[in-house]
Amino acid sequence: MRRKLILYVLATGLVWLTGARPVFAQERTRILFVLDASLSMQSHWKGGNKWEVACHSLNEIADSIGQIPHIEMGLRVLGHMFPQPDMNCHDSRLEVPIDSNNVARIKKKLEEIHPKGITPLVYAIEKAPEDFAGVPAKNVLIVITDGEDACDRDACGVSLMLQKNNIILRPFIIGMSLDAESNQSLSCAGKLVNTNNATEFSAALKDAVMDAISKTTLQINLNDQNGKPTETDVNMSFYDTETGMVRYNLYHSLNPRGLPDTLNISPMFKYKLQVHTIPPVYADVVLRKNTHTVINISAPQGYLNFTLQGTISKVAAVERIKCLLHRAGQLETLNVQRINTKTKYLTGTYDLEVTTLPRLTVKNVKIDQSKTTDVQIPAPGILTLNKGFEAYGAIFVVEDGKMKKIYDLRLKDRQETLALQPGKYRLVYRSKNARTIHTTVDKEFDITSGGSLSLKL
Amino acid sequence: MDSSDFFIKQLNSQLIPSYRTPFSLKKREGNSQCQGGLQIYKRDLLLASNTYYLKNKLCSLLRMLLPVLILNTLYSISVNAQQTQVYKPNVSRILFVLDGSGSMKQQYDKASKFETAKQLLFKLIDSVEHKNPNVEFAVRVFGFQNPNTAHNCKDSKLLIPFAKNNASKIYSELGHITPQGMSPIAYSILQGAGDFPDDARSLNSIILITDGEETCGGDPCKVSKELLAKKITLKPFIVGLNVDSGAYEKYKCMGTFINTSSEASFYNAVGVIISQTLNTTTVQINLLDQNGNPTVTNIPFTLYDHYTGKIEYNFVHTMNEKGNPDTLYLDPVGIYDLELHTFPSIRKENIELTPGKHNIIALDVPVADMDIECIAASIASNSAQALVRPKSNPVNILSVQDLNGQGKYLAGDYKLEILTSPEIMIDTTLVPYADNNFKIPNYGTLSLIAGENYLASIFLEQQGGKLQMVETFEINGKNESHNMQPGKYRLIYKPKKNYHSESTRTQQFIVDEGKTVVLNL
């Protein structure tokens, strides 16, 4: 029986060490094991007697975490000094003070102890302020017991008091075949897990320790086209899959080592992640508790630099020039980019519509990884129309030999200022009040880049 | 050819249809920055980036004439407001193509057909010459040089070339002719086209006088259409001398056909045709409303030559004093295409005018005025525009309309994309002969007070909790403001220097019409 147990522990230990890698908290963490050594711990259980199971699991845990920096352990035992008939309600002692490098001491102490007394559980717990000795750290209490307090004390009240005074975090309580009544009375004292055999116990203890010393973290890798997580500086929205509501908005960042920053996200929910690249990319995020989850998202990006060649004085006229970006052949406008700006897009092929006069369409513009695609618009020329009268008419370009209207004159405006791309134009107009069609004027004019032209109508 | 060359070629073929100023695409090499044409270059920068370089064709000129151009960049042109486009020929030239085939010897009314034609032509030409100094006549005869049996299908000759006052000469020359041969009509018409002097300001017509049909297998209709399309002459007028109904059918497609059976009717017919060719051809374009009445106006239109596609006339449609569509004077020689410049434009093709008559061209114009109002928007402040796309072909922008500006569209289904922040999308059906007005809420202003550099994005809270990114930008330690549509938003931002995602902050805010929200970052 004993041999079997050791084999089992070794096996699970291996799984733990080679499985998903936990992330350990960087802060100082002090764990105090409060171990029941009352007589009932001698009773037989599936997988050995309770005491043996508890000791072996503790040994295993101590070995596993003993070398991790920032983690200290201690051992308080109760019910081990006085035999049961004494009914000693103060039978508890800090056998191994909380410290680092004390795994051997803990193991040795466990060998020496023989369960014999009652369970003064609350007394043991309320010694916590002394045991933790006011050292600023994350203080964790892990209680292992097979029964409720034997001295009629209120475990919940004491636990709550200690938590409120920031002495300990919410304790972990691991029960060994607790009866219903004990289960009930201890459940409010901390996070209670009742176990019924060695396997369950070992797992529960491990979970408690892992909860105490590790964090659930997330790393989003925004990968470039080489699969390297170099893309960053974009907001990410985490939507709760159940409700659709946003739970987190976090800007993706690279830490000083150039790696994606670690995010602390509650493992309580499942998420739909929207990375606000243009266009956005999506991923499903399911966190594994106590582990560092890495989500790889392909988000290769490059830049589009949309500029004007040269400068021009009529800022308002020129700022009207915008660049609409579409996926090649698709209608949806992904972004409206202003003139003289540089914007990041997912790599790929895009169609651009530029709201110059006349409009410009550029098809199949490629945006490549980490490169800048420059789209330069020749500086328009400024046309000023000074009208001595209200006029009907339009400005045309000749395209494929056909008159193509690009702009309707504004009837009521006596002066109009337009930014036109360099080229040849025709202005066709007549006075609003004209009563013969032969007053129509058909006038050609040239616009030079950066120049200005004033026409008097 | 490397891949970038290929890419540029693709770009070339797709770019050109959308932008018509002379365009060429060349890969930019070394220093050759300035090349002819409006060019797009792809250049490889140090970072091997792609550059689409839209270059003005004046570039090389600019380099050479820089001082001059700088002096001349600001200039003003005053447009002559009385520039007109009235068609008025300097001279009318009429070519008679006269049948000299054997059958013309037959008795007609009082004399032989040929003799009758000779007499009457002299009478008509003589009288016109005296009244109208701007008209010239010429006579070509076919089928008179060889007898029928010779089967000469090129028996056609310009007997008397164009000149003023040649009635007597025509009379005497025709007196030497004996009708005897074939009827190479198509051939004669084609040859006749070459009888007219090369003169753009001349109105050319052909009057064919015949008693039968083509006997040489030619296609007079095809020839006639070609002459009109190439703007050489009007479609010929055909005066028949007792032709049978079968011949009549064949001549219908060639031009205006009048059959005559007496000297009087022959004289009348030719007389009417001559006066018709000398009359002014007028055109009225009726833009019809939903009731079929010509009330639609003030829209520019273009008349193209159908054959060459040349732009012949540009007008803005006008109502005259009486409220009717004003009259145009167009060259009756030619076939026209009309394009009315609504959005999208309406075309009517293959328009033939009846010379010397008032021609009415009617177009149904289900015009819909659209106005997109936004109280605070103005061109001066660079407010948003509305992109109008036809629903049937939404990939192409039909027009870009300013807010608070009016556009004339054809009734139908459109998609409007208004470049406010965030964009507003409207699917609409524009109703003809009605004002289609859309009201866009006034902007509110988001004012950001920032003391350091941030990465920032603005999101609109959509129904169901989804965030729609409206803008993403960097704040460079300065205060800035954004015009936004009313709505519930979130500003999500992070100090640029900070390495940790957890330094991301969120501020929720509401933008109200015409109001300013201030956020301290």
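Worth saying up front: this structure is predicted, and the values here are computed from it rather than measured.

S.K.: Would you mind going over the state of the cysteines with me for this structure?
M.R.: Simply put, disulfide is the name for a covalent bond between the sulfur atoms of two cysteines. This model, assessed by the stated rule, comprises four disulfides over all chains. The disulfide partner of C156 of chain A is C188 of chain A, and the S-S distance across this bridge is 1.5 Å. The sign of the S-S torsion, about 75 degrees, decides the handedness of the disulfide formed by C156 of chain A and C188 of chain A: right-handed. One end of the pair, C156 of chain A, is in helix α6 (residues 155–164); the other, C188 of chain A, is in the loop between α7 (180–186) and β9 (191–195), and 32 residues separate them in sequence. In this structure C188 of chain A comes out as partly exposed when scored by relative accessible area, which is 42%. Here C221 of chain B pairs with C253 of chain B through a disulfide, and the sulfurs are 1.8 Å apart.

S.K.: What is the right way to read the pattern of salt bridges from this model?
M.R.: Pairing between side chains becomes possible if they bear opposite charge and their charged atoms approach one another. In the structure shown here, the tally under the stated rule is 48 salt bridges over all chains. Linking D240 of chain A and R247 of chain A is a salt bridge whose minimum nitrogen-to-oxygen distance equals 3.1 Å. Among the ionic pairs, R140 of chain B bridges to D195 of chain B, the shortest N-O distance being 2.8 Å. Placement of the pair is R140 of chain B in strand β6 (residues 135–142) and D195 of chain B in the loop between α6 (185–193) and β8 (202–210), with a sequence separation of 55 residues. Across this residue pair, the class does not change: R140 of chain B and D195 of chain B are buried. Salt bridges linked by common partners bring R93, E95, K108, K109 and E112 of chain A together as one network.

S.K.: Is there a simple way to explain the packing of aromatic side chains in this structure?
M.R.: To describe a pair of aromatic rings, one takes the distance between the centres and the angle between the planes. Tallied over the entire structure, the rule returns 19 aromatic pairs over all chains. With centroids separated by 6.1 Å and ring planes inclined at 15 degrees, the aromatic side chains of Y313 of chain B and F315 of chain B adopt a geometry described as stacked. When sorted by exposure, Y313 of chain B lands in the same class as F315 of chain B, which is buried. Measuring from centroid to centroid gives 6.3 Å for Y313 of chain B and Y336 of chain B, while their planes differ by 45 degrees, and the two rings are tilted. You can see Y313 of chain B sitting in strand β13 (residues 311–316) and its partner Y336 of chain B sitting in strand β15 (residues 335–340), a full 23 residues away along the chain. Chaining the aromatic ring pairs together yields one cluster made of F238, Y248, F269 and Y271 of chain A. One cation-aromatic arrangement involves R247 of chain A over F269 of chain A; the distance from NZ or CZ to the ring centre is 3.8 Å. Its guanidinium or amino end placed over the ring of Y267 of chain B, K123 of chain B lies 4.8 Å from that ring's centre, counting from NZ or CZ.

S.K.: What should I look at first to understand the side chain of E399 of chain A in this one?
M.R.: All names here are of chain A. Position of E399 relative to the elements: it lies in strand β26 (residues 391–399). A relative accessible area of 13% means that E399 is categorised as buried. Here K404 takes part through its side chain, which lies 3.4 Å from a polar atom of the side chain of E399.

S.K.: What is the right way to look at the pairing of strand β22 (residues 348–354) of chain A in this model?
M.R.: It is a general feature of regular strands that their side chains alternate between the two faces of the sheet. Residue and element names in this part refer to chain A. For β22, a buried count of five out of seven residues is recorded, marking the element as mostly surrounded by other parts of the structure. Of the pairings in the sheet, the one linking β22 to strand β23 (residues 360–367) comprises six bridges and is antiparallel in character. Paired with Y350 across the strands is V365, a residue of β23. The hairpin formed by β22 and β23 contains five residues between the paired strands.

Criteria and cut-off values
- Residues numbered from 1 in each chain as written.
- Chains lettered and ligands numbered in written order.
- Predicted model: local features only at pLDDT ≥ 70, side-chain atom pairs only at ≥ 80, totals over all residues.
- Heavy atoms only, no water.
- Disulfide = S-S within 2.5 Å.
- Helix = DSSP H or I, 4+ residues; strand = E, 2+ residues; numbered from the N terminus.
- Buried < 20%, exposed > 50% of the residue type's maximum accessible area, 1.4 Å probe, protein only.
- Salt bridge = Lys/Arg side-chain N within 4 Å of Asp/Glu carboxyl O.
- Phe/Tyr/Trp six-rings, centres within 6.5 Å; stacked < 30°, edge-to-face > 60°.
- Lys NZ or Arg CZ within 6 Å of the ring centre and 35° of its normal.
- Polar contact = N/O pair within 3.5 Å; in protein donor to acceptor, adjacent residues only side chain to side chain.
- Pairing = 2+ DSSP bridges.

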